[in-house]
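Each chain is listed here by its residues.
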Amino acid sequence: MSERISEAELVVMEALWSADEPLTAAEVTERIDASREWSDRTVKTMLGRLLAKGVLAHEEDGRRYLYRPAVARERYVAGESRRLVDRLFGGRAAPLVAHLAEGDGLTPDDIAELEALLKELRP
């Protein structure tokens with residue numbers, strides 16, 4: 001996936017990724033936090049942008065469209081993570097972890113998870 005997803009578009013994608021089946025625009029709107037105060041029209045604009053980027057697919061169901069992700073959440077997260085590490089840390093994960101540790105960004109639970117992951121990765 002080469003197109004970037006904006007923060008607002010990501011809200012729409014999260015609603016679709018969490019669904020077990022394709023959703024209408026109205027159903028997507030219902031799944032978005034009401035504090036955003038997004039209308040159906042706003043959501044439809046986002047859906048149109050995401051379709052143009054190729055990260056959504058749709059099918060006609062009578063007079064309505066059903067939307068579903070064309071990109072798995074895991075694939076999107078992997079791509080964004082790689083871009084972040086490449087852009088800010090020279091392609092290396094260790095400086096990212098060091099940065100998080102220096103800024104009190106790691107909880108004891110995070111450290112335990114990282115230690116377990118590293119043990120799994122070691123041959």
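Note: the structure precedes this text.
What comes next is a walk through the structure. (Residues numbered from 1 in each chain as written. Predicted model: local features only at pLDDT ≥ 70, side-chain atom pairs only at ≥ 80, totals over all residues. Heavy atoms only, no water.)

**Overview of the pairing of strand β1 (residues 56-61)**
The pairing of β1 with strand β2 (residues 64-69) spans six bridges and is classified as antiparallel. What sits directly across from A57, in β2, is R68. (Pairing = 2+ DSSP bridges. Helix = DSSP H or I, 4+ residues; strand = E, 2+ residues; numbered from the N terminus.)

**A short note on the side chain of T24**
Along the chain, T24 turns up in the loop between α1 (7-17) and α2 (25-31). The exposure class assigned to T24 is buried, which follows from its relative accessible area of 9%. With sequence-adjacent residues up to four places away left out, T24 is seen in contact with R64, Y65, L66 and Y67. (Buried < 20%, exposed > 50% of the residue type's maximum accessible area, 1.4 Å probe, protein only. Contact = heavy atoms within 4.5 Å.)

**A closer look at the environment of A25**
The topology assignment puts A25 in helix α2. Residue A25 is classed as buried on the basis of its relative accessible area of 8%. Once the C-alpha coordinates of A25 and V12 are considered, the two residues, 13 residues apart in sequence, prove to be 9.8 Å apart. If we skip the residues at most four places from it in the chain, A25 touches D40, V43, K44, L47, Y65 and Y67.

**A few points about α1**
For α1, the tally of buried residues reaches eight of 11 residues, placing the bulk of the element in the interior. Every buried residue of α1 is accounted for by E9, L10, V11, V12, M13, A15, L16 and W17. In the core, the buried residues of α1 are packed alongside α2, α3 (40-53), β1, β2 and α4 (73-89).

**Let's talk about the packing of α1 against α3**
Their axes nearest at 10 Å, the elements α1 and α3 cross at an angle of 85 degrees. Taken together, the axes of α1 and α3 are roughly perpendicular relative to one another. Each of A8, E9, V12, M13 and L16 in α1 lies in contact with α3, whose residues at this interface are M46, L47, R49, L50 and K53. Grouping the constituent residues of the contact of α1 with α3 by class yields seven nonpolar, no polar and three charged. (Axes fitted to C-alpha atoms, helices over the stretch in contact; angles between N-to-C directions. Parallel < 35°, antiparallel > 145°, perpendicular 65-115°, else oblique. Nonpolar A, V, L, I, M, F, W, Y, C, P; charged D, E, K, R; others polar.)

**Topic: the packing of aromatic side chains**
Taken as a whole, this structure holds two aromatic pairs when the rule is applied. Ring plane angle 35 degrees and centroid distance 5.7 Å describe the contact between W17 and Y76, whose orientation is recorded as tilted. Placement of the pair is W17 in helix α1 and Y76 in helix α4, with a sequence separation of 59 residues. With centroids separated by 6.4 Å and ring planes inclined at 45 degrees, the aromatic side chains of Y65 and Y67 adopt a geometry described as tilted. Looking at Y65, the relative accessible area reads 38%, which means it is partly exposed. When its relative accessible area of 10% is taken as the criterion, Y67 is described as buried. (Phe/Tyr/Trp six-rings, centres within 6.5 Å; stacked < 30°, edge-to-face > 60°.)

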